[in-house]
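Fold and contact review
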Amino acid sequence: MKANFKTNATRLIERAGLTHQIHTYDHSDGRIDGLAIVEKLGQDPARVFKTLVTKGADGGFYVFVVPVACELDLKAAARAAGVKSVAMIAVKDINAVTGYIRGGCSPIGMKKVYPTVVDQTAKQFDTITFSAGKIGYQIEMNPMDLAELIGCSFAPIAAKES
């Protein structure tokens, strides 16, 4: 895979001069879920995060970033976003809202800047990994640098998968 590819996410990180690393994985088998990526990259699932997009009761969109082995706690997410409730958007709407596709949605470089909350567990690591904005590519960077870049907050929003 091409190591020097560019997405909105990588361009913004580079423009900001932030330290990061790009990881690539083979997705020709169609396995692009978070745990498959963890397996392919040989990484700790607690340090690999997925990006989820919701719509709030107020009609706004909210982005949440949680470890791949967890689900989003919708009530905690709504509290963190300061809205009555949030619901996941339909997969068919991801591209229209974010500019990205399912499996390649990065919290950086969406079509618009949406309020974003990262699960607080990210702060316990020097680096976390998340989508670079294209299937087959992941960004590894410091979570505080991510917060500086996109203005996200941290809160307890993850629930263990059942």
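Source: prediction; values computed, not measured. (Residues numbered from 1 in each chain as written. Predicted model: local features only at pLDDT ≥ 70, side-chain atom pairs only at ≥ 80, totals over all residues. Heavy atoms only, no water.)

This paragraph deals with the sheet that holds strand β1 (residues 20-24). Read across the open sheet, the 3 strands follow the order β1-β8-β7; overall the sheet is antiparallel. Bordering the open sheet on either side are β1 and β7 (128-131), each of which pairs with just one other strand. Taking the axes of each pair of neighbouring strands and ignoring which way they run, one obtains an average angle of 30 degrees across the sheet. Sheet topology note: the β7/strand β8 (residues 137-141) ladder contains 4 bridges and is antiparallel. Within the sheet, the bridge partner assigned to F130 lies in β8 and is I139. Its contacts with the sheet put helix α1 (residues 8-16) on β1 and β8, and the angle it makes with β8 is roughly 25 degrees. (Pairing = 2+ DSSP bridges. Helix = DSSP H or I, 4+ residues; strand = E, 2+ residues; numbered from the N terminus. Axes fitted to C-alpha atoms, helices over the stretch in contact; angles between N-to-C directions. Contact = heavy atoms within 4.5 Å.)

Bringing the pattern of salt bridges into the picture now. With the rule as written, the count across this model stands at 6 salt bridges. Of the charged contacts, one joins E14 and K6 as a salt bridge, the two residues approaching to 2.7 Å between their closest N and O atoms. What makes E14 partly exposed here is its relative accessible area of 38%. For D93, the salt bridge is made with K92, and the minimal N-O distance between the two is 3.3 Å. By relative accessible area, D93 is classed as partly exposed at 29%. One salt-bridge network, in which partners are shared between bridges, spans D29, R31, E39 and K40. (Salt bridge = Lys/Arg side-chain N within 4 Å of Asp/Glu carboxyl O. Buried < 20%, exposed > 50% of the residue type's maximum accessible area, 1.4 Å probe, protein only.)

It is worth spelling out the state of the cysteines at this point. Taken as a whole and assessed by the stated rule, the structure comprises 0 disulfides. This cysteine, C105, is not joined by any disulfide, and C152 carries the nearest cysteine sulfur, 14 Å off. (Disulfide = S-S within 2.5 Å.)

Turning next to helix α3 (residues 74-81). Every buried residue of α3 is accounted for by A76, A77 and A78. Residues of α3 that are buried make contact with β3 (61-67), β4 (70-72) and β5 (86-88). Regarding α3, its N-cap is D73, as a side-chain oxygen of that residue lies 3.1 Å from the backbone nitrogen of K75 further along. (Polar contact = N/O pair within 3.5 Å; in protein donor to acceptor, adjacent residues only side chain to side chain.)

What follows is about helix α2 (residues 34-41). Because an α-helix packs 3.6 residues into every turn, residues spaced three or four apart end up facing the same way. Turning to α2, its buried residues are G34, A36, I37, V38 and L41. Directly after α2, the chain includes G42, whose backbone phi takes a positive value near 65 degrees.

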